[in-house]
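Chain residues, written in single-letter form:
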Amino acid sequence: MKISSATACLAAIGLAVMLGGCEGKDPFYSASPDQVSKVLDQTDLPMMVFGARAATAKHWRVNAATTMWALESDSHVELLRLSATTIAEGKGTRIHYDVLPPESSIRDQVAQGLKENGAYRDLYRSALAEQVDAKLTNREFAIQNISVDAARVTLGALPNIREGFNNAEKEYQRQRREDIDRVYANEK
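First things first, this report covers the structure right here in the doc. It should be emphasised that the depicted structure is a prediction, and the values quoted were computed from it without experimental measurement.

1. Overview of the environment of Gly 90
Turning to step 1, where the next piece is worked out: Its place among the elements puts Gly 90 in the loop between β4 (78-89) and β5 (92-100).
Turning to step 2, where the next piece is worked out: Judged by relative accessible area, which is 80%, Gly 90 ranks as exposed.
Turning to step 3, where the next piece is worked out: Taking C-alpha positions, Gly 90 is 9.4 Å from Ser 32, a pair spaced 58 residues apart along the chain.

Right, dumping it as structure tokens:
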């Protein structure tokens, strides 16, 4: 089956819209900034995305409008920060989310990684936004609401996954040759 260049172009445009063009403004809630801030103060990071580090994340209020979370290593080195800032708008509140480098020795390295790999930044931001939305709308965290961002991270990681599989296969074959050589050496 031959695909015309027009069909390929339309497919590429569709994929671009699906993967990146659906991002909108900061979410709006019909609640006061104080009400939203109280929910933010009681919101933990989602374990489904951040794993065990979500349970040990530091969580504090920066000022009246901003709540901060910091993921830490087992040795308490800050790895990443996420923030949610409330913005009064009419009879409600918008929430702006940011993914930030840590205030630690790896700040520059993480900042560069976030700059180079927006898919991870987008996933972390959408995961926090989904967790907060679930709390504000009294429902469970819905993984399908962040599935596009999760797919983008997965697609970006495929070359590394393939390389890992190739390296594992090479190591398996090397060990197998060593085992065979060892058996033959013992028979002599």
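The discussion continues.
2. Some details on the pattern of salt bridges
Turning to step 1, where the next piece is worked out: Tallied over the full model, the rule gives 14 salt bridges.
Turning to step 2, where the next piece is worked out: The salt bridge partner of Arg 61 is Asp 41, with a shortest N-O separation of 2.8 Å. Of this pair, Arg 61 sits in strand β2 (residues 58-61) while Asp 41 sits in helix α2 (residues 33-41), placing them 20 residues apart in sequence.
Turning to step 3, where the next piece is worked out: Among the salt bridges present, the one from Arg 139 reaches Asp 133, with a minimum N-O distance of 2.5 Å.

3. Considerations on helix α6 (residues 118-136)
Turning to step 1, where the next piece is worked out: With 19 residues, α6 ought to run about 27 Å at 1.5 Å a step, and its terminal C-alpha atoms sit 26 Å apart, in line with that.
Turning to step 2, where the next piece is worked out: Just downstream of α6 lies Asn 138, where phi reads positive at about 55 degrees.

4. Topic: the nonpolar core
Turning to step 1, where the next piece is worked out: Formed by 28 residues in total, the largest nonpolar core has its most connected members in Leu 45, Phe 50, Leu 80 and Leu 82.
Turning to step 2, where the next piece is worked out: Among the secondary structure elements, those contributing two or more residues to this core are α2, β3 (66-72), β4, β5, α5 (107-116) and α6.
Turning to step 3, where the next piece is worked out: A per-element tally of this core places α6 first, with seven residues.
Turning to step 4, where the next piece is worked out: When sequence neighbours within four positions are dropped, the list of residues in contact with Phe 50 reads Leu 45, Leu 71, Leu 82, Tyr 124 and Ala 127.

5. Overview of the packing of aromatic side chains
Turning to step 1, where the next piece is worked out: The final tally for this structure, using the stated rule, is two aromatic pairs.
Turning to step 2, where the next piece is worked out: Here Phe 50 and Tyr 124 contribute two aromatic rings whose centre-to-centre distance is 5.3 Å and whose plane-to-plane angle is 40 degrees, an arrangement assigned as tilted. Taken together, the positions of Phe 50 in helix α3 (residues 47-50) and Tyr 124 in helix α6 put the pair 74 residues apart, joining distant regions of the chain.
Turning to step 3, where the next piece is worked out: Classification of Phe 50 by relative accessible area gives buried; the value is 8%.
Turning to step 4, where the next piece is worked out: Here the aromatic rings of Tyr 120 and Tyr 124 are separated by 6.2 Å at their centres, their planes lie at 50 degrees, and the arrangement is tilted. Of this pair, Tyr 120 and Tyr 124 both sit in helix α6, separated by four residues, roughly a single helical turn.
Turning to step 5, where the next piece is worked out: Among the aromatic residues, those joined into a ring-pair cluster are Phe 50, Tyr 120 and Tyr 124.

Scoring rules and cut-offs
Residues numbered from 1 in each chain as written. Predicted model: local features only at pLDDT ≥ 70, side-chain atom pairs only at ≥ 80, totals over all residues. Heavy atoms only, no water. Helix = DSSP H or I, 4+ residues; strand = E, 2+ residues; numbered from the N terminus. Buried < 20%, exposed > 50% of the residue type's maximum accessible area, 1.4 Å probe, protein only. Salt bridge = Lys/Arg side-chain N within 4 Å of Asp/Glu carboxyl O. Expected span 1.5 Å × (residues − 1). Core = buried A, V, L, I, M, F, W, Y, C linked by side-chain atoms within 4.5 Å. Contact = heavy atoms within 4.5 Å. Phe/Tyr/Trp six-rings, centres within 6.5 Å; stacked < 30°, edge-to-face > 60°.

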